[in-house]
Amino acid sequence: MTKYWRSLDELNNPAEFKQNEIKLELDAKRAVMKKASGTSRRDFLKVFGFSVATAAVVASCKRPVDKAIPYLVKPEEVTPGMANYYASSYFEANEYCSVLVKVRDGRPIKIEGNDLSPISQKGTSARVQASVLDLYDDARFKTPLKRGEATNWEEVDSYITKKLEQLNNDNQKVVLLTSSIISPTTKKVIARFQGKYPNVEWVKYDAVSASGILEANQQSFGTALIPDYRFERAKVIASFGADFLGTWLSSTEYTKGYAAGRRVLDKGDEMSRHYQFESGMTLTGSNADVRVPIKPSEEKTILTALYYQLMQAKGEMTIAAPGSPVDVTGLAEDLLANEGKSLVISGSNDVKIQLIVNAINNLLGNYESTILSDRPLNTHQAIDADFEKVISGLKDKEIAGVLCWGVNPVYNHPKGQELKELIAGAELSVSFSDRKDETTAACHWVCPAPHYLEAWNDAEPKKGLFSLSQPTISKLFDSRQVQETLLKWSGEEQPNYYELLKANWEENFTGLQSKYSNSRLFWNDVLQKGVFQTEINAEAPSYSENGLENALQLGGAKSQEWEIVFYQSVALKDGSSANNPWLQELPDPVAKISWDNFAAVPVKWAEENGVQNESVITINGIEMPVFVQPGQAPGTISVALGYGREVAGKVGDGVGKNMYALTSIQNNAKQLWLSGADVQTTEKTFELALSQTHHSMEGRPIVRETNFDKWQLDPASGNEIRKEHLEHHVSLYPEQEFKGHHWAMAVDLGSCVGCGNCSISCQAENNVQVIGKEQVRNRRIMHWIRVDRYFSNDAENPDVYHQPVMCQHCDNAPCENVCPVSATPHSEEGLNQMAYNRCVGTKYCVNNCPYKVRRFNWFQYVQNPEFDYASNSDLGRMVLNPDVTVRSRGVVEKCSFCVQRIQEKKAEAKVDGRKLEDGEVQPACVQSCPADALVFGDLNVENSKINKLFKNERNYHLLEELHTLPSVGYLTKVRNKKA
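Throughout what follows, the structure given in this document is the object of discussion.

Basis of the calculations
- Residues numbered from 1 in each chain as written.
- Predicted model: local features only at pLDDT ≥ 70, side-chain atom pairs only at ≥ 80, totals over all residues.
- Heavy atoms only, no water.
- Helix = DSSP H or I, 4+ residues; strand = E, 2+ residues; numbered from the N terminus.
- Rg over C-alpha atoms; globule rule 2.2 N^0.38 Å.
- Buried < 20%, exposed > 50% of the residue type's maximum accessible area, 1.4 Å probe, protein only.
- Contact = heavy atoms within 4.5 Å.
- Core = buried A, V, L, I, M, F, W, Y, C linked by side-chain atoms within 4.5 Å.
- Pairing = 2+ DSSP bridges.
- 1 Å grid on protein atoms, 1.4 Å probe; cavity = no way out; pocket = protein on both sides within 12 Å on 5 of 7 lines; lining within 4 Å.
- Points joined across faces, edges and corners; volume = space filled by probe spheres on them.
- Nonpolar A, V, L, I, M, F, W, Y, C, P; charged D, E, K, R; others polar.
- Disulfide = S-S within 2.5 Å.
- Salt bridge = Lys/Arg side-chain N within 4 Å of Asp/Glu carboxyl O.

### Some thoughts on the overall build of the chain
Next, step 1: Summing up its helical and strand segments, the chain has 31 helices and 41 strands in all.
Next, step 2: Relative to its length of 979 residues, the chain is compact, with a C-alpha radius of gyration of 28 Å against a globular reference of 30 Å.
Next, step 3: Here the C-alpha coordinates of the chain stretch approximately 85 × 80 × 65 Å along the principal axes.
Next, step 4: Per-residue burial for the chain yields a buried fraction of 61% across its 979 residues.
Next, step 5: Across the chain, contacts joining residues at least 24 apart in sequence account for 73% of those joining residues at least 6 apart.

Structure below.
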């Protein structure tokens, strides 16, 4: 039987690990009670005696006062108690998603994916879900600033306009420094601005760019583009360091396609095979069928060997293939067997590596099959070399002014400290940031832009695919859209970006749709749908081997030095949202650590050097806590970017270490790995908020797996034990009967990639509180849905499994018959309910739940200075969903299957005089899942999707031997390893 484990301690010494876990749990409980009361719980109860009444006192169940203010004049579009939805577009940190914004009483409170979008296709990421909280961030600027002091727009416009005119007359260069701009109308605004000031140069800068891909495609195809990767069409996927399920390019879109190409439910379904070559264990690597740990310096050698082997097999080369650190023969065979149906990608920023990748894909016939060029991706446009010229220009005083929009190079460039001085020393330096950051702190003027939920805009994330953004709330502060600011400085007295945006669309797009009789109807329809698509008839560019011969030249011998790999974390990505507490508390999908970045070190090296979790090492003098990472390539260490912010806000300041300083510029491109680092061990330790060890499988088959070839022969493969469990089901409980609805959820472990989107979506929908690093360490993490991660087999390169676990809504729920105050009733529709106003905090239900999915509020998180996160200010509390009670201290909470959504849809169907449609009710986690791994529905509807999944031979229930009869089913994990 395969052994599954969550940590190396559990693998190597399970008995001792279990004892330590028990001790940690007891210590945490004592610490919490002592902190809460100043004395121990036992001493407190000795004084008062234990009863239901005193239990209520202990729990301190005090509800906050809610104030309701009626409308004097009700806005026409607002119906109290009912939500409005507005289509919009998210584009932050080079990540795009078409979204629907849920607005209650004038407040945006939830983000959903737009199912009309051909790109995101209803899916979102954790970062998209959390973006609504950024709107209510106290770190946002309330007014324009001059040298750090509040000012007004009149003074800003007067001074900067005169300064721009002076610099233009003196022929002194000014740089408009932006991140990638995907808005067609904004580009026109910038063109107007440059028309007024010919001395202004527009330069794009991305913290983590795709410069290598752009420049390689310029050589290979004559145009600098990022092609349209279609993962759903690929039968073989070979990824070299590209975390395409986590952070690479268009991860939400790629997750959708990847999952579609691997979903096996019915006989005859096909499944792609995924090879991953990488240094650290990424989210993508954890889902691979074949994962090969390599050093980043080996990537080019391996790709070169693969190219030569493919050429030889096709009879186009007689020269022997060079040696490779790893055997790629099996991969080459698979690729050749699937010509035109494979996909080879690399996350490297090295132009030479990308040239070799292009040659391999061309050799395999993948272009215009799995890699399309008609709709290139526009989200990454920056060429790193362009920004290096800006730095030189500032140094040489050739650039007199810099206008910074959506960029933070002082923080995320290896020459950040030098840039800080250069920007501060420029004649004119302006930031358009809407909140604090390191670059803004160096600028003379701050002209704050609104949040994207407060603004009008458009987007063209892919060629010919457009979407709109619209305000969903009146501006909270004295901000102004950057487009209007540029138009104002260009000489327009009353700039109105909305009118310009609307006119641009009516002029350029109305005629493309014959079904609209006038431009007004066209505009309203597109604004309602949020997306618009035009036809593309461009010819595919022809491939050229330009630069390939030079790219294939191999360097010296294999290095024995340390290689440090820097990656974007799934939660924080480039660090621009470091002040978002939802993202800070989201555990890393592999390490399960929150509130810090860490040095992921190889298992064998840690054992040889006496290093363990929470030890401290130095990397080129920077102290980093250690996490011993199964699967980390020998000779490498992985560290996340996006941490170590110094000017972010009360949540993000000082969390982790900034590793951008250790990145470098090689051949005018940012290199995200470091060779020859000085790594030293120390005697110090540093506490990490590690959550995965909070629960144990206790040797039971919680996750179940099989291989694709076995599943083809037997659809119940890997799930054989279920038959035995069903045969021995005996119960003293009467059989439950559900005459109306019987709600249930299915989780396809073969589709779930472990991205954590469901956790943040649930947090936003259900007002789940942030508790901070200390309480996470004390095992108090409050997420209603957790994504457990398990390892199996070799610790040096294990298989990984991700499993979402929420309340199982058992028909024979163990929690229900132990509650002394009946706070855990079972509904007539199969829901395990939680009556907050009854709960007195005995936690009997928590202790009796075998799934450990019930959460206890040890503290009052709202308006408590010890938990100074989102819920401590009136601004932060604006994000709360009024449909869900904000839990006070001393009560138990848990997943409710988003019962408020169930009731809402039932009411709508009743008003319409119809039955609920299958799939109409969607809990937050289901609605936003980018992999479509979660399905919710009514088991009493015979042909419902949920019913079919529950009858699928891959379906099983957690701990079904206990006969709790959960309403959550799991489908066995299927991999496609080579037989």
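Continuing now.
### Some remarks on the nonpolar core
The tendency in soluble globular proteins is for nonpolar side chains to be buried side by side.
Next, step 1: The biggest cluster of nonpolar side chains holds 89 residues, and the ones touching the most others in it are I111, W582, M745, M806, F897, F936 and Y970.
Next, step 2: When residues in this core are grouped by element, the largest group, 6 residues, is from helix α5 (residues 126-135).
Next, step 3: The residues touching W582, leaving out its near neighbours within four places in the chain, are Q129, A130, V132, L133, I760, Q763, A764, V768, V770 and V879.
Next, step 4: With 40 residues, the next largest nonpolar core counts V189, L403, L428 and V430 among its residues.

### Describing the sheet that holds strand β16 (residues 428-431)
Next, step 1: Read from one edge of the open sheet, 7 strands run β6-β5-β17-β16-β15-β7-β8, paired in mixed fashion. Edge positions in the open sheet fall to β6 (149-150) and β8 (200-204), since each of these has one partner strand only.
Next, step 2: Inspection of the sheet shows strand β5 (residues 145-146) paired to β6 by 2 bridges, in the antiparallel sense. Bridging across to β6, L145 finds its partner in A150.

### Quick word on the side chain of E563
Next, step 1: As for its position among the elements, E563 is in strand β21 (residues 563-568).
Next, step 2: The class of E563 is buried, set by a relative accessible area of 0%.
Next, step 3: In this view, E563 contacts K295, P296, S297, G635, T636, I637, W673, L674 and S675; residues no more than four positions away in its chain are not counted.

### Quick notes on empty space enclosed by the protein
Next, step 1: In the structure shown here, the tally under the stated rule is 18 cavities of 30 Å³ or more.
Next, step 2: One number sums up the size of the largest cavity: a volume of about 1200 Å³.
Next, step 3: Along the wall of the largest cavity there are 49 residues; nearest its centre are F91, E92, S179, W405 and G406.
Next, step 4: Listing elements by their share of the lining of the largest cavity, those giving two or more residues are β2 (83-92), α5, α15 (409-412), β18 (457-462) and α18 (482-489).
Next, step 5: Looking at the lining of the largest cavity, the element that brings in the most residues is β2, giving 4 residues.
Next, step 6: Within the lining of the largest cavity, the residues separate by chemical class into 18 nonpolar, 20 polar and 11 charged.

### Some thoughts on the state of the cysteines
A covalent bond bridging the sulfur atoms of two cysteines is what the word disulfide describes.
Next, step 1: Taken as a whole and assessed by the stated rule, the structure comprises 0 disulfides.
Next, step 2: Cysteine C443 shares no disulfide, and the gap to the nearest cysteine sulfur, in C404, comes to 4.4 Å.
Next, step 3: The exposure class of C443 is buried, given its relative accessible area of 7%.
Next, step 4: C447 takes part in no disulfide bond, and the closest cysteine sulfur to it belongs to C443, at a distance of 9.6 Å.
Next, step 5: Classification of C447 as buried rests on a relative accessible area of 0%.

### A word on the sheet that holds strand β33 (residues 743-748)
Where strands meet in a sheet, backbone hydrogen bonds hold them as pairs that are either parallel or antiparallel.
Next, step 1: Strand order in the open sheet formed by 4 strands is β38-β33-β40-β39, and the pairing between neighbours is mixed. The sheet is open, and its two edges are formed by β38 (934-938) and β39 (955-956), each paired on a single side.
Next, step 2: Where β33 lies against strand β40 (residues 968-971), 4 bridges are found, and the strand directions are parallel. Residue V747 lies in a different strand from β40, and its bridge partner there is Y970.

### Regarding the pairing of strand β24 (residues 615-619)
Next, step 1: For β24, the tally of buried residues reaches 5 of 5 residues, placing the bulk of the element in the interior.
Next, step 2: Residues of β24 alternate between two faces, with S615, I617 and I619 on one and V616 and T618 on the opposite face, all of them buried.
Next, step 3: Pairing between β24 and strand β30 (residues 679-685): 4 bridges, direction antiparallel. Looking across to β30, one finds that T618 is bridged to Q680.
Next, step 4: Judged from the 4 bridges that link them, β24 and strand β25 (residues 622-628) form a sheet pairing that is antiparallel. Its bridge partner being in β25, I617 is matched across the sheet by M624.
Next, step 5: What sits between the antiparallel neighbours β24 and β25 is a turn of 2 residues, in which N620 has the positive phi angle 50°.

### Comments concerning the pairing of strand β13 (residues 342-346)
Next, step 1: The buried count for β13 comes to 5 of 5 residues, which makes it a mostly enclosed element.
Next, step 2: Residues S342, V344 and S346 line one face of β13 and the alternating positions L343 and I345 line the opposite face, and both faces are buried.
Next, step 3: Sheet analysis places strand β10 (residues 236-240) next to β13, joined by 5 bridges and oriented parallel. Looking across to β13, one finds that V236 is bridged to S342.

### What about the pattern of salt bridges?
Next, step 1: On inspection of all chains with the given rule, the structure shows 50 salt bridges.
Next, step 2: Across the pair R914 and E920 runs a salt bridge whose closest N-O atoms are separated by 2.8 Å.
Next, step 3: Each member of the salt-bridge network shares a partner with another, and the members are D137, R140, D434, R435 and E454.

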